[in-house]
Number of protein chains: 2
Amino acid sequence: MLPSVPSAASVAPRRRGRPRQFDADAALDAALRTFWRKGFQATSLDELTAATGLNRPSLYAAFGNKDALYAAAIARYVATIGRAFLIPLAAPVPLAAALRRFFAAVVATTCGAHGPLGCAIACTLPADAGHLPALQRLLAGALAEIDGAVQQRLVAARAAGELPRHADPRVTAQLVVGTMLSLAIRARAGAPRRELTRIASACVALVTSR
Amino acid sequence: MLPSVPSAASVAPRRRGRPRQFDADAALDAALRTFWRKGFQATSLDELTAATGLNRPSLYAAFGNKDALYAAAIARYVATIGRAFLIPLAAPVPLAAALRRFFAAVVATTCGAHGPLGCAIACTLPADAGHLPALQRLLAGALAEIDGAVQQRLVAARAAGELPRHADPRVTAQLVVGTMLSLAIRARAGAPRRELTRIASACVALVTSR
DNA sequence: GCATTTCTGTACTGTATGATACAAAATACG
DNA sequence: CGTATTTTGTATCATACAGTACAGAAATGC
């Protein structure tokens, strides 16, 4: 389930005309869940109105068109789901334990209770990034953000002597994130949770071994 | 470019009525190139007829409907592109060299001359595997085939003492394939070739180190 | 109270899409 | 040569789609 994180919109000052009868963030979360499962192209506006409970004009007034709604949904994915993956990384525990928690969060989310959703960045965004430049930039930005966060943790780990000195934090972070992306794809292919956990453990062992 | 590998269809015995004026394999390759770039949902039949040079009825008579054509195209991708990745693995060279050749082939293909295509299995198939069970099975099968081939090479490597005895060939293969999938996604995000090569090198170093 | 502003809901528009009907063309069989 | 069989090309169908016009509803400001 998506956490209901309030954003700037929900604390805006009272506006002039008829007030909105919906919460924009909740609607965005509902749209995200639909996009997450079916991707951008396969999701119709009828499905979006059904999922959000809004009618078309309200959706368009709030978010623009379908493209903009998708971009907003992915941005929210990065800000909520993606960032939730990174929180365990910052826990004050040894690197191996932090990485295990990170992967545990990834596996739990990609193998959701509502079927194997995978990861929106790994599984659905790349398909449309091939022909929509705006989405390609979105994908590149999301990857850079996750790479950076993992890299930062690895730099700290190396300073603490938890990583071999010859290991490059940047490329190692990209390998860890790469494993994360592959776990999401495997989840979407229907791989059992146990298998994903085993792969994650092997990645942690390989990265933290010396 | 796709290699023009003949299949059973092109050597079929002379049939009864008016002969076909097209090569089914060439048409399938053309359809695959379009699907590869834009995915299943975003590719229209108009684009497919333009790419293949066939008109709609010929396409439908040869392949069924759009779904079946996509499945056939992905199957051909696995049989040609995917298998081409695996050939370098079987070269009679040490494991590290074989893996380097494998990744070199992956990087060269995912960063094609016609823009960063990525990999059809990694970048476009997962999007529709989320809601089309047939495509989910196709994805799972493709992953299993690549995993198996890499695993087989790792088993041989361990027998030759090129791999630590404590390394599990199966999960190690899944990590290598996972890195491959992530390279394809990064290629589609626009990552420069140099960066992908660096990640691949780090993966090889990590897997073959002891 | 009245004008102004903003949102909601229905109904609609034009278009793009996947799929087919049908007749003409091209081959094999007898 | 005539019939059966398969492919080709055009023209078309019904539907699904993204997006919007418009009228009514609910709030604010004066």
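Residues numbered from 1 in each chain as written. Chains lettered and ligands numbered in written order. Predicted model: local features only at pLDDT ≥ 70, side-chain atom pairs only at ≥ 80, totals over all residues.

What to know about the relation of the copies chain B and chain A
At step 1: Of the transformation superimposing chain B on chain A, the axial component is 0.0 Å and the angular component is 180°, with the fit at an RMSD of 0.1 Å. The transformation relating the two chain copies, once decomposed into turn and shift, fits a two-fold axis.
At step 2: Most of the interface of chain B is mirrored in chain A, where 100% of its interface residues again form contacts. (Least-squares fit on C-alpha atoms with pLDDT ≥ 70 in both. Contact = placed C-beta atoms within 7 Å.)

A few points about the protein's contact with DNA strand D
At step 1: Every one of the 25 residues lining DNA strand D counts as a neighbour, but Arg18, Leu45 and Lys66 of chain A together with Gly17 and Arg18 of chain B are closest to it.
At step 2: Sorting the residues of the surface near DNA strand D by element identifies α2 (45-52) and α3 (56-63) of chain A together with α3 (56-63) of chain B as the ones contributing at least two each.
At step 3: For the surface near DNA strand D, the element with the highest residue contribution is α3 of chain B, accounting for four residues.
At step 4: Of the residues that constitute the surface near DNA strand D, the class distribution is seven nonpolar, seven polar and 11 charged. (Near = placed C-beta within 6 Å. Helix = DSSP H or I, 4+ residues; strand = E, 2+ residues; numbered from the N terminus. Nonpolar A, V, L, I, M, F, W, Y, C, P; charged D, E, K, R; others polar.)

Structural notes on the packing of helix α6 (residues 120-129) of chain A against helix α6 (residues 120-129) of chain B
Relative placement of two packed helices is described by the angle separating their axes and the distance separating the axes.
At step 1: Running from N to C, α6 of chain A and α6 of chain B point in directions that differ by 110°, and their axes come no closer than 7 Å. With respect to α6 of chain B, the axis of α6 of chain A lies roughly perpendicular. Residues Cys123, Thr124, Pro126 and Ala127 of chain A of α6 of chain A form the contact with α6 of chain B, whose participating residues are Cys123, Thr124, Pro126 and Ala127 of chain B.
At step 2: When its residues are assigned to classes, the contact of α6 of chain A with α6 of chain B shows six nonpolar, two polar and no charged. (Axes fitted to C-alpha atoms, helices over the stretch in contact; angles between N-to-C directions. Parallel < 35°, antiparallel > 145°, perpendicular 65-115°, else oblique.)

Some points on helix α9 (residues 193-208) of chain B
At step 1: Taking 1.5 Å per residue as the helical rise, α9 of chain B with its 16 residues ought to reach 22 Å, and the 23 Å between its terminal C-alpha atoms agrees with that figure.
At step 2: What α9 of chain B keeps buried is the set Leu196, Ile199, Ala200, Cys203, Val204, Leu206, Val207 and Thr208 of chain B.
At step 3: Taken together, the buried residues of α9 of chain B touch α8 (169-188) and α9 (193-208) of chain A together with α5 (95-110) and α8 (169-188) of chain B. (Expected span 1.5 Å × (residues − 1). Buried ≥ 20, exposed ≤ 12 C-beta atoms within 10 Å, placed from the backbone.)

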